[in-house]
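Breakdown of the fold
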Amino acid sequence: MEGGKTSVGPLSSDQRWILRGGVIVIAIVIATIAAITSGGGESESAPAPPQPEARIINEAELAERAAALGQPIYWAGPVDGTELELEELQGEGVRVRYVPEGSEAGKAPSEALTVGSYLLPNPQEALETFAGEPGSATRKGKDGREVAVDTERPTSVYFVDPEDKVQVEVYDPSPEKAMSLALSGRVGPAE
């Protein structure tokens, strides 16, 4: 080293390969970082979870579907001026919506009477936990079932079927109607 300068001679063949390899590695790292921060592009993005399939069914088909799934499907019986829309929730249970007659499956307004039958590992324990939370209230139905509701969101009322297979949700835009149906004993399994 003379006068503070470094002398660099021509690169050997091995040094050129190392330099090229380093440049390639840096380019790959930059491309990977860019792909991660930009969402990875369409081909690398995770597929969206499947949406539940909704279909219009009749009472007999509802009972057949319950048998095929091996779980109770709760509903509120026939309601004038409505059809039943069944929505299967990929192993998590089902929902029965009461949609206006002539509605296309999946296209009816979301503010409709809905009865959900949800598969949980321990439905009774889940209901007891929910009922014990601040803001929850419980009442006894005509048939002795315990019904729980979150007083902040009273449009959904919950109970457990007698065999402890599913937790049932009764939803209605009217909190009074949701509670009345849940307490009445009218909401039961399709048979």
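Summarised in this report is the structure supplied together with it.

Scoring rules and cut-offs
Residues numbered from 1 in each chain as written. Predicted model: local features only at pLDDT ≥ 70, side-chain atom pairs only at ≥ 80, totals over all residues. Heavy atoms only, no water. Core = buried A, V, L, I, M, F, W, Y, C linked by side-chain atoms within 4.5 Å. Buried < 20%, exposed > 50% of the residue type's maximum accessible area, 1.4 Å probe, protein only. Helix = DSSP H or I, 4+ residues; strand = E, 2+ residues; numbered from the N terminus. Contact = heavy atoms within 4.5 Å. Lys, Arg positive; Asp, Glu negative; His and termini not counted. Salt bridge = Lys/Arg side-chain N within 4 Å of Asp/Glu carboxyl O. Polar contact = N/O pair within 3.5 Å; in protein donor to acceptor, adjacent residues only side chain to side chain. Phe/Tyr/Trp six-rings, centres within 6.5 Å; stacked < 30°, edge-to-face > 60°. Lys NZ or Arg CZ within 6 Å of the ring centre and 35° of its normal.

Here we come to the nonpolar core. Generally speaking, soluble globular proteins have nonpolar side chains that are buried together. Core analysis: the largest hydrophobic core is formed by 28 residues, its most contacted members being Leu62, Val96, Tyr98, Phe159 and Val187. Within the residue set of this core, elements represented by two or more residues are helix 3 (59-69), strand 2 (74-75), strand 3 (82-88), strand 4 (93-100), strand 7 (146-150), strand 8 (156-160), strand 9 (166-171) and helix 5 (175-184). Among all residues touching Phe159, those that are not within four sequence positions of it are Tyr74, Leu127, Arg145, Glu146, Val147, Val166, Gln167, Val168, Val170, Ala182 and Val187. Leu127, Ala131, Ala148 and Val160 belong to the second largest nonpolar core, which has six residues in total.

Here we take up the side chain of Glu169. Tracing the backbone shows Glu169 in strand 9. It turns out Glu169 is buried and unbridged, and the closest side chain with the opposite charge, Arg95, is 5.8 Å from it. Looking at Glu169, its side chain comes within polar contact range of the side chain of Ser156, at 2.6 Å. Setting aside residues up to four positions removed in sequence, Glu169 forms contacts with Thr114, Val115, Gly116, Tyr118, Ser156, Val157 and Tyr158.

Next up on the list: the side chain of Glu85. Tracing the backbone through its elements, the reader meets Glu85 in strand 3. A distance of 2.7 Å separates polar atoms of two side chains, one belonging to Glu85 and the other to Arg97. Looking at Glu85, its side chain comes within polar contact range of the main-chain nitrogen of Gly106, at 2.6 Å. Glu85 has contacts with Ala54, Arg55, Ile56, Arg95, Val96, Arg97, Val99, Glu104, Ala105, Gly106 and Lys107, leaving out every residue within four places of it along the chain.

Two side chains with opposite charge may pair up if their charged atoms get near one another. Under the criterion given, the structure shown has seven salt bridges. Residue Glu163 pairs with Lys165 through a salt bridge whose shortest N-O separation is 3.5 Å. A residue is classified by how much of its surface remains accessible, and Lys165, at 42% relative accessible area, is partly exposed. As a salt-bridge pair, Lys177 and Asp172 come within 3.9 Å of each other at their nearest N and O atoms. We classify Lys177 as partly exposed; its relative accessible area is 40%. By relative accessible area, Asp172 is classed as buried at 6%. By sharing partners, the salt bridges in this structure join Arg55, Arg65 and Glu88 into a single network.

Looking now at unusual backbone geometry. The phi dihedral of Gln90 falls on the positive side, at around 40 degrees, and the residue is not glycine. As for its placement among the helices and strands, Gln90 is situated in the loop between strand 3 and strand 4. Judged by relative accessible area, which is 47%, Gln90 ranks as partly exposed. Despite not being glycine, Asp164 shows a phi value in the positive range, around 60 degrees. Locating Asp164 in the fold gives a position in the loop between strand 8 and strand 9.

Moving on, we get to the packing of aromatic side chains. Tallied over the full model, the rule gives two aromatic pairs. Measuring from ring centre to ring centre gives 5.9 Å for Tyr74 and Phe159, while their planes differ by 75 degrees; the resulting arrangement is edge-to-face. Here Tyr74 is found in strand 2, whereas its partner Phe159 is found in strand 8, with 85 residues between them in sequence. With respect to class, Tyr74 is no different from Phe159; both count as buried. Ring geometry for Phe130 and Tyr158: centres 5.3 Å apart, planes at 70 degrees, overall edge-to-face. Placement of Phe130 in helix 4 (residues 123-131) and of Tyr158 in strand 8 is noted, with a sequence separation of 28 residues between them. Just as Phe130 is buried, Tyr158 falls in that class too. In this structure, Arg145 is placed above the aromatic ring of Phe159, and the distance from its NZ or CZ to the ring centre is 3.8 Å.

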